[in-house]
Amino acid sequence: RGASNKIVSLSDEERERGVVTVSSGNHGLAVSYVAGSLGIPATVVVPEWVDTSKLEAIKRHGANAILHGNTYDEAEEHSFELEQEEGLVYVHPFDDPYVVAGQGTIGLELLDQLPSMDTVVVPLSGGGLIGGTAYAVKSVDPNIRVVGVSAENARVMYESLRLGKPTAFAEDPTLASALS
């Protein structure tokens, strides 16, 4: 939803340049699917430990998938380099107003299906999904409680909020094959 909203908002000139992103799988798959559907060149940088089924799906949708780095952060740094070197448009997994707005449609859908809900539980990785969902549901009903959840071994956002600033956190394995 977020990747789609960002990509469809691009100008013709931006579409011609192509897009680049970083992902541990899910966002990259979305970018490759939407870009491929619209005939937009896409590059997805993934860390070397990415789930092979997600990597193959990214490729199947026509994206140039680049394995780079032992960590997500190393893959992300390489994606920023490609953005600059090749003049690509960056489709950030969470830190983009179009991506956040697209993710917010989940909140609207929840409200449509469960108009009397009082709590929504949202996975927390980079913050785009919870930010968009929270904005949407709280715009309709500010009393709805929004709870973010993250795997214990992937609690960088929790630790950053607890410390009051962005913080680094070791990437330890979780049951999830990808968290962004």
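Owing to the predicted nature of the structure, the values given are computational and were not obtained by experimental measurement.

## Observations regarding the overall build of the chain
In step 1: Assigned secondary structure in the chain consists of eight helices and six strands.
In step 2: From first element to last, N terminus to C terminus, the chain shows the α and β order α-α-β-α-β-α-β-α-β-α-β-α-β-α.
In step 3: Compactness check: the chain gives a C-alpha radius of gyration of 17 Å against a globular reference of 16 Å for 180 residues, within 12% of the reference.
In step 4: Relative to its full complement of 180 residues, the chain shows a buried share of 39%.
In step 5: Once local pairs closer than 6 in sequence are excluded, the contacts in the chain between residues at least 24 apart make up 60%.
In step 6: One finds the centroid of the 12 positive side-chain charges in the chain at a distance of 6 Å from the centroid of its 25 negative side-chain charges.

## Quick notes on the sheet that holds strand β2 (residues 42-46)
In step 1: The strand order β3-β2-β1-β4 describes an open sheet built from four strands, whose pairing is parallel. A strand with exactly one partner marks an edge of an open sheet, and here the two such strands are β3 (64-67) and β4 (89-90).
In step 2: Where strand β1 (residues 19-22) and β4 come together, two bridges link them in parallel fashion. Along β4, the bridge assignment pairs V20 with Y90.
In step 3: Taken strand by strand, helix α4 (residues 52-60) contacts β2 and β3, and its axis lies near 145° from that of β3.
In step 4: Sheet contacts for helix α5 (residues 72-86): β1, β2, β3 and β4; angle to β1, the most-contacted strand, approximately 165°.

## Section: the packing of helix α3 (residues 26-38) against α4
In step 1: The N-to-C vectors of α3 and α4 enclose an angle of 15°; their axes lie 8 Å apart at closest approach. The pairing of α3 with α4 is recorded here as roughly parallel in orientation. Where α3 crosses over α4, the two elements pack in a sense that is left-handed. Together, N26, G28, L29 and S32 of α3 and K54, A57 and I58 of α4 make up the contact between the two elements.
In step 2: Here the contact of α3 with α4 is composed, by residue class, of three nonpolar, three polar and one charged.

## Side note on the nonpolar core
In step 1: I7, V19, V31, A35, A42, V46 and I58 are the most contacted members of the largest nonpolar core, which totals 18 residues.
In step 2: Contributing elements (two or more residues each) for this core: α1 (2-8), α3, β2 and α4.
In step 3: In contact with V31, other than residues within four places in its own chain, are A3, I7, V19, T21, G36, A42 and V91.

## A closer look at helix α6 (residues 97-113)
In step 1: For α6, with 17 residues, the first-to-last C-alpha span of 25 Å sits near the 24 Å given by 1.5 Å per residue.
In step 2: Looking at α6, one finds that the buried residues are V99, G102, Q103, G104, G107 and L111.
In step 3: One side-chain oxygen at the N-terminal end of α6 lies 2.7 Å from the backbone nitrogen of Y98; it belongs to D96.

## So, the pattern of salt bridges
In step 1: For the structure shown, the criterion picks out five salt bridges.
In step 2: In this structure, the salt-bridge partner of E109 is R1, at a minimum N-O distance of 2.9 Å. You can see E109 sitting in helix α6 and its partner R1 sitting in the segment before α1, a full 108 residues away along the chain.
In step 3: A relative accessible area of 43% places R1 in the partly exposed class.
In step 4: With its nearest N and O atoms 3.8 Å apart, the salt bridge here joins E56 to K59. You can see E56 and its partner K59 sitting in helix α4, three residues apart, about one turn around the helix.

## Remarks on a negative patch on the surface
In step 1: A cluster of acidic residues, E77, E81, E85 and E86, forms a negative patch at the surface.
In step 2: Tracing the chain through its elements places E86 in helix α5.

## Description of the side chain of S23
In step 1: Tracing the backbone through its elements, the reader meets S23 in the loop between β1 and α3.
In step 2: At 2.8 Å, the side chain of S23 and the backbone nitrogen of G28 are in polar contact.

Reading the values: rules and limits
Residues numbered from 1 in each chain as written. Predicted model: local features only at pLDDT ≥ 70, side-chain atom pairs only at ≥ 80, totals over all residues. Heavy atoms only, no water. Helix = DSSP H or I, 4+ residues; strand = E, 2+ residues; numbered from the N terminus. Rg over C-alpha atoms; globule rule 2.2 N^0.38 Å. Buried < 20%, exposed > 50% of the residue type's maximum accessible area, 1.4 Å probe, protein only. Contact = heavy atoms within 4.5 Å. Lys, Arg positive; Asp, Glu negative; His and termini not counted. Charge placed at Lys NZ, Arg CZ, Asp CG, Glu CD. Pairing = 2+ DSSP bridges. Axes fitted to C-alpha atoms, helices over the stretch in contact; angles between N-to-C directions. Parallel < 35°, antiparallel > 145°, perpendicular 65-115°, else oblique. Left-handed = near helix turned anticlockwise from the far one by under 90°. Nonpolar A, V, L, I, M, F, W, Y, C, P; charged D, E, K, R; others polar. Core = buried A, V, L, I, M, F, W, Y, C linked by side-chain atoms within 4.5 Å. Expected span 1.5 Å × (residues − 1). Polar contact = N/O pair within 3.5 Å; in protein donor to acceptor, adjacent residues only side chain to side chain. Salt bridge = Lys/Arg side-chain N within 4 Å of Asp/Glu carboxyl O. Patch = residues over 30% accessible without salt bridge, like charges linked within 9 Å, V, L, I, M, F, W, Y side chains within 5 Å. Areas by Shrake-Rupley, 256 points an atom, 1.4 Å probe, with all protein chains shown as cover.

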